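Coordinate inspection notes
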Amino acid sequence: GSSLEPEERSMEPPAVPEEEEEEEGAVPLSMAPGPVGCQLFGYVGIEAVLDQMKIKTMKTGFEFNIMVVGQSGLGKSTMVNTLFKSKVSRKSCQPGQEERIPKTVQLQSITHVIEEKGVKMKLTVTDTPGFGDQINNENCWDPIIKYINEQYERYLREEILITRKRKIPDTRVHGCVYFVPPTGHWLRPLDLEFMRRLSKIVNVVPVIAKADTLTLEERAEFKHRIQEDLKTHTISVYPQEDFDQDPEDRALNDRIREKIPFAVVGADQEHQVNGKRVLGRKTKWGIIEVENPAHCEFPLLRDLLIRSHLQDLKDITHNVHYESYRVRRLNESNRPG
C-alpha cells in the first residue's frame, strides 16, 4: 500500500493547536517585547552608571580648548576673563608688558586648570594677536588654519600608534569665538572670508564685540544684516543645522540661531548696584550689567559655550571636523607614489 511518489509538502507553517493558542501567557513571536520599553521586575541599579561617570570625570577632569579671533581693542581678553570669572587671558598672565601689534598673526596659548565644586577643567585659551590689524590682511587666516590642523595632526599621530596612551592629550580647538567689530553696517570681506574658511574645520561662534557702542535699534539691524550675510554666502556657524540629532535639539538650536551673533559686552570688574556686587562697565549714563540679559547677550554666549553645549562642541570637533581631517590624511597616505 506504500506509494513511491514524493510527498507534497506545504510551505505554510504547521497549524498551531487551539489549546496552545489559548494557553495563558503565550506570546506570539511577532508580539514579543523588543529592547525598547522593556519593563523591569525590580530595581537593577542602571542609573548608578551616571554616578560612576560623574565620579570618574571629577577625578580625571576634562579638557576644553577655546580660540578667540578678532582685531586688537575688541575686548577678547576681557571677554575670556568674564566667561570663566578668572584671569585666564594672555594679557592677564603677562601684566606690565607693552602691547605691540605684531607684523604677522602670532598665536599664543595659555593653559590653566580651573576648578568649580570639585570639577576640574584644563582650559586652554588661544589668542591671535595681529589678526586684521595690518593694512594688507591678505591670507591672515593661514596661520590660524595651520595651527588648527597641527592640533588635529598631533592627535592623529597619537591615535595611530601601536601602543597608544590610555588617554590621548587633546589640544584640538573645540570652539572659535570670532569678534565682529561693532560697525553697524555689513560684514567686512575679511569677516566673511575668515568664517567661510574656518567654519569648515572648526566650530565658529560669531559675536558682536563691544555691543554697548550701538543703540538697541542699531544692534538689532546689524544683527539682521549679519544673519543675511551668512545666509547669502552659505556660511554655517555653530550650532550647525546639519548636526541636530533630534527634534528637541533642533528646537533648542533654532532659538540659539535666531540670536546669533550674540551682542556681548565684557567686564572683569565688579560694581555695587542696588546693594549687590555685579560684573559691569561703568559709564556716564550708568552701569552696564554684563550678566543682565536686558543689557547684553553675554549670558547667552556663556550658556552656549559652557552650560549647555560644551560637550556638544567637543563631540562635533571629534566626530565631524577631526574625522574629516583624519579621512583626508589617511587617503593621502594610501595613495601610490
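Quick summary incoming for the structure in this document. (Residues numbered from 1 in each chain as written. Predicted model: local features only at pLDDT ≥ 70, side-chain atom pairs only at ≥ 80, totals over all residues. Heavy atoms only, no water.)

**Quick notes on the pattern of salt bridges**
Tallied over the entire structure, the rule returns 20 salt bridges. Between Glu-153 and Arg-157 there is a salt bridge whose closest N-O contact spans 3.3 Å. Residue Glu-153 and its partner Arg-157 are both found in helix α5 (residues 142–159); the two are separated by 4 residues, about one turn of the helix. Exposure remark for Glu-153: the relative accessible area of 12% places this residue in the buried category. Where Arg-329 meets Glu-332, a salt bridge forms, and the shortest distance between an N and an O atom there is 3.5 Å. (Salt bridge = Lys/Arg side-chain N within 4 Å of Asp/Glu carboxyl O. Helix = DSSP H or I, 4+ residues; strand = E, 2+ residues; numbered from the N terminus. Buried < 20%, exposed > 50% of the residue type's maximum accessible area, 1.4 Å probe, protein only.)

**Considering the nonpolar core**
Of all hydrophobic cores here, the largest spans 74 residues; its most connected members are Phe-194 and Leu-198. Residue contributions to this core peak at 7 residues, all from α5. What Leu-198 contacts, discounting residues up to four positions off in sequence, is Trp-141, Ile-144, Ile-145, Ile-148 and Val-204. (Core = buried A, V, L, I, M, F, W, Y, C linked by side-chain atoms within 4.5 Å. Contact = heavy atoms within 4.5 Å.)

**Topic: unusual backbone geometry**
What you tend to see is this: most non-glycine residues have negative phi, and most peptide bonds are trans. Here Tyr-238 and Pro-239 are connected by a cis peptide whose omega angle stands at 0 degrees. The residue Pro-239 is located in the loop between α7 (216–232) and α8 (247–259) in this model. Cis peptide bonds are those with omega within 30 degrees of zero, and the linkage from Ile-260 to Pro-261 qualifies with 0 degrees. Examined against the element boundaries, Pro-261 turns out to sit in the loop between α8 and β6 (262–263). Unlike most non-glycine residues, Lys-85 shows phi in positive territory, near 50 degrees. When you line up the elements, Lys-85 lands in the loop between α3 (76–84) and α4 (90–93). For Lys-210, which is not glycine, the phi torsion reads 45 degrees and is therefore positive. Take Lys-210: it is sitting in the loop between β5 (204–208) and α7. The class of Lys-210 is partly exposed, set by a relative accessible area of 34%.

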